[in-house]
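Summary of structural features
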Amino acid sequence: MAWLLQQADLLLTDSGGLQEEAPSLGLRTLVLREATERPEAIDCGLSQLVDLSADAIYKSVIAALALPRPAPSFPFGDGEASAKIARIVASWLHQQPEEVAVSAVYP
């Protein structure tokens, strides 16, 4: 799924999970809902709520595709959760964690 998102120019979804993943890939998202529980991506300008009419969706797609692809953004966190978790688990085990190299593939 991540590979498909990386290949896309625009995401149209009602999925909450995809709303969270798309910004980290710099993927503009049209949220096909009346409301969302994830306003962070809307607040940072990477997502937009779109009325569910065919005309509104069409106009929103045309407008969104005319914009340049945004840079990756992390409105739901800093992208370092796995390193933080590793440090916490290591401290529980009274061990020093090895340096955690977290690499991500971004377009």
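Residues numbered from 1 in each chain as written. Predicted model: local features only at pLDDT ≥ 70, side-chain atom pairs only at ≥ 80, totals over all residues. Heavy atoms only, no water.

With respect to the overall build of the protein
- When its secondary structure is counted, the protein shows five helices and three strands.
- When the elements of the protein are put in sequence order from the N terminus, they spell out α-β-α-β-α-β-α-α.
- Counting only residues that meet the buried cut, the protein has 29% of its 107 residues in that class.
- A separation of at least 24 residues holds for 40% of the contacts in the protein among residues at least 6 apart in sequence. (Helix = DSSP H or I, 4+ residues; strand = E, 2+ residues; numbered from the N terminus. Buried < 20%, exposed > 50% of the residue type's maximum accessible area, 1.4 Å probe, protein only. Contact = heavy atoms within 4.5 Å.)

Describing the nonpolar core
- Leu5, Ala8, Leu11, Leu18, Ala22, Leu25 and Leu27 together form the largest nonpolar core, which totals seven residues.
- Counting six residues, the second largest nonpolar core, distinct from the first, contains Leu30, Val50, Ala56 and Ala64. (Core = buried A, V, L, I, M, F, W, Y, C linked by side-chain atoms within 4.5 Å.)

Some thoughts on the sheet that holds strand β1 (residues 11–13)
- If you walk across this open sheet you meet the three strands as β1-β2-β3, and the pairing is parallel. Here the strands that pair on one side only, and so sit at the sheet edges, are β1 and β3 (47–49). When strand polarity is set aside, the average angle formed by the axes of neighbouring strands in this sheet is 20°.
- Relative to strand β2 (residues 29–31), β1 runs parallel, the two being bridged by three bridges. Bridge pairing in β2 links Leu11 to Thr29.
- Those strands touched by helix α4 (residues 54–65) are β1, β2 and β3, and its axis lies near 165° from that of β2. (Pairing = 2+ DSSP bridges. Axes fitted to C-alpha atoms, helices over the stretch in contact; angles between N-to-C directions.)

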